[in-house]
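# Structure assessment
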Amino acid sequence: MFHFSPVVFCVAASFIRCASTMSGMMKAVTFEPGGPENLRIGSVAIPQLREKEVLLKVYATAINRADMLQRKGLYPPPTGESDILGLEAVGIVDRLGPGCVKSWKPGDKVMALLPGGGNAEYVASREELLMPLPSNMKFIEAAAIPEVWLTAFQLLFIVGKVKKGDTVLIHAGGSGVGTAAVQLCRQFGARALVVAGSQEKIDFAKSLGAEEGFNYKEAEFEPKVLAQTEGKGVDLILDCVGGSFFDQNINSIATEGTWVIYGLMGGYTVNSGDHLAKILRKRITIVGSTLRARSIQYKESLVEEFSQRALPHFSNGEFRPIIDTTLTLDSIQEAHQLMESNKTTGKIVLQVRDEAAKEEL
Ligand SMILES: NC(=O)c1ccc[n+]([C@@H]2O[C@H](COP(=O)([O-])OP(=O)(O)OC[C@H]3O[C@@H](n4cnc5c(N)ncnc54)[C@H](OP(=O)(O)O)[C@@H]3O)[C@@H](O)[C@H]2O)c1
């Protein structure tokens, strides 16, 4: 009977491990501007590492609304960044680039917030934008964390400056960002009210800690928000809808409330009306917010604060990544179609490698 010696086995395993990197090529999502049918799985070069970048062997990634816009040719990546889709990825540190000073080392399991490039077998990430995988979490679960949780954390605590006891109106309460924001509010001690397009999404948000929810497809949410707040209105609005909800938002916010606009799914323009008078009289603070285009320094401090204040709550089960559907990277067209159907609750995650097979890769 033939036996592999441990040495032969190790050499064989590392040969297999290196085969892909030796070829210098990897699978990645490519596209011509247009609909989901224009998405392809192409063979492209594995990224070259720049100063302070880490090469990540990707096990799972996810899709975001920004990918839909980029695919349509409406949202190019920041200058100098990868034009491959994907704002987040999780996997194993493969190697470190020049000038890395953080303590990451090959083999570490990490999550990355990316300006692009995540929908691929390998991605280069700035070392400052990596976070450790929460203990006992699978890669496909962790892939639902970086973009929407960092966004929700930023909107609530950094941009919106939420205070304990505040009432927060969260639009798209069943979305990736919305389901994260509801959990953050519950844990922090703020009241979350959600707006969503179905009773199922509202019930789900309530199961995560929302106090009440309103179906915008059935009735105007404004009178219900006022009833829920004894006529006062909410202290903070997280608004990813924009135009179509503008009138109702302005009437739903409390005097001296803060209104964070971070998406425009309901349109870029506002009806004419006495909006400025209402903003003036109520002393409303309206602030816009993005994440992808912000500086490395800003994102680094966001990642640090999130890692200290929020990440531990994943390990103890208080927070959970919400996943609607998991597909493989090859199903990228289906993933985009699903997101555009507006039927999902939480994230659409893409498996890139089989986690169970990681030792052999
Ligand atoms: N600025 C930033 O830093 C930043 C970062 C990340 C994400 N975002 C934005 O955050 C938003 C949510 O992203 P996500 O990935 O969490 O989305 P998602 O999980 O795909 O959920 C979006 C949901 O929004 C609802 N929706 C769609 N169009 C709407 C409309 N016209 N009016 C009201 N509701 C509508 C739909 O649910 P129902 O209609 O069934 O409720 C849809 O399922 C997007 O606008 C995205 O661009 C911004």
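Up top is the structure these notes are about.
What comes next is a walk through the structure. Quick caveat, the model's predicted, so the values are computed rather than measured.

Taken as a whole and judged by the stated rule, the model has 18 salt bridges. Among the ionic pairs, Arg191 bridges to Glu211, the shortest N-O distance being 2.6 Å. With Arg191 in strand 9 (residues 191-196) and Glu211 in the loop between helix 6 (199-208) and strand 10 (212-215), this residue pair connects regions lying 20 residues apart in the sequence. By relative accessible area, which is 25% here, Arg191 ends up partly exposed. What you see here is one network of salt bridges that share partners, running through Arg50, Glu53 and Glu81.

This part takes up the packing of helix 4 (residues 146-159) against helix 10 (residues 296-309). The contact between helix 4 and helix 10 brings their axes to 10 Å, and the two run at 95 degrees. It follows that helix 4 is roughly perpendicular to helix 10 by the angle criterion. Together, Trp149, Leu150, Phe153, Gln154, Phe157, Ile158 and Val159 of helix 4 and Tyr298, Leu302, Val303, Glu305, Phe306 and Arg309 of helix 10 make up the contact between the two elements. Per-class residue counts for the contact of helix 4 with helix 10 are ten nonpolar, one polar and two charged.

Take the site of the ligand next. Around the ligand, the surrounding shell holds 25 residues, and the nearest of these are Val177, Gly197, Lys201, Tyr216 and Ser289. Between Val177 and the ligand, the recorded distance is 2.8 Å, taken from a backbone N or O atom to an oxygen atom. Within the backbone of Asn342, a nitrogen or oxygen atom sits 3.3 Å from an oxygen atom of the ligand. Here the ligand, which alone exposes 920 Å², has 89% of that area covered by the protein.

What follows concerns a nonpolar patch on the surface. Taken together, the side chains of Leu69, Leu74, Leu264 and Tyr268 make up a nonpolar region of the molecular surface, amounting to roughly 430 Å² of accessible area. Along the chain, the position of Tyr268 falls in the loop between strand 12 (253-261) and helix 9 (275-282).

When you line up the elements, Val168 lands in strand 8 (residues 167-171). Looking at Val168, the relative accessible area reads 0%, which means it is buried. Along the sequence, Val168 and Ile348 sit 180 residues apart, while their C-alpha atoms lie 25 Å from each other. Sequence-distant contacts of Val168, defined by excluding residues within four places in its chain, comprise Leu156, Val162, Cys185, Ala190, Arg191, Ala192, Leu193, Leu236 and Leu238.

With that settled, the discussion passes to the sheet that holds strand 12. Strand order across the open sheet formed by six strands is 10-9-8-11-12-13, with parallel pairing between neighbours. Each edge of the open sheet is held by one strand with a lone partner, namely strand 10 and strand 13 (285-288). Strand-to-strand twist in this sheet, taken as the mean axis angle between neighbours without regard to direction, amounts to 15 degrees. The pairing of strand 8 with strand 11 (residues 234-239) spans three bridges and is parallel. What sits directly across from Val168, in strand 11, is Leu236. Contacts from helix 4 reach strand 8, strand 11, strand 12 and strand 13, with the element oriented near 145 degrees to strand 11.

For the pair helix 5 (residues 176-188) and helix 6, the least separation of the axes is 9 Å and the interaxial angle reads 30 degrees. Here helix 5 lies roughly parallel to helix 6, going by the angle between them. Crossing of helix 5 over helix 6 shows right-handed handedness. Between helix 5, through Thr179, Val182, Gln183 and Arg186, and helix 6, the contact on the second element is made entirely by Phe204, Ala205 and Leu208. Taken together, the residues that form the contact of helix 5 with helix 6 break down as four nonpolar, two polar and one charged.

With that settled, consider the packing of aromatic side chains. Enumeration according to the criterion identifies ten aromatic pairs in this entry. The interplanar angle of 70 degrees and the centroid separation of 4.7 Å between the aromatic rings of Trp149 and Phe314 together place this pair among those described as edge-to-face. Here Trp149, found in helix 4, pairs with Phe314, found in helix 11 (residues 312-315); they are 165 residues apart in sequence, far enough to count as distant. There is no split in this pair, since Trp149 and Phe314 are both buried. On the numbers, 5.0 Å between centres and 75 degrees between planes, the contact of Phe157 with Phe188 is edge-to-face. With Phe157 in helix 4 and Phe188 in helix 5, the pair connects residues that are 31 residues apart, well separated along the chain. As far as burial versus exposure is concerned, Phe157 and Phe188 are alike and both buried.

Conventions used here
Residues numbered from 1 in each chain as written. Predicted model: local features only at pLDDT ≥ 70, side-chain atom pairs only at ≥ 80, totals over all residues. Heavy atoms only, no water. Salt bridge = Lys/Arg side-chain N within 4 Å of Asp/Glu carboxyl O. Helix = DSSP H or I, 4+ residues; strand = E, 2+ residues; numbered from the N terminus. Buried < 20%, exposed > 50% of the residue type's maximum accessible area, 1.4 Å probe, protein only. Axes fitted to C-alpha atoms, helices over the stretch in contact; angles between N-to-C directions. Parallel < 35°, antiparallel > 145°, perpendicular 65-115°, else oblique. Contact = heavy atoms within 4.5 Å. Nonpolar A, V, L, I, M, F, W, Y, C, P; charged D, E, K, R; others polar. Near = heavy atom within 4 Å. Polar contact = N/O pair within 3.5 Å; in protein donor to acceptor, adjacent residues only side chain to side chain. Areas by Shrake-Rupley, 256 points an atom, 1.4 Å probe, with all protein chains shown as cover. Patch = residues over 30% accessible without salt bridge, like charges linked within 9 Å, V, L, I, M, F, W, Y side chains within 5 Å. Pairing = 2+ DSSP bridges. Left-handed = near helix turned anticlockwise from the far one by under 90°. Phe/Tyr/Trp six-rings, centres within 6.5 Å; stacked < 30°, edge-to-face > 60°.

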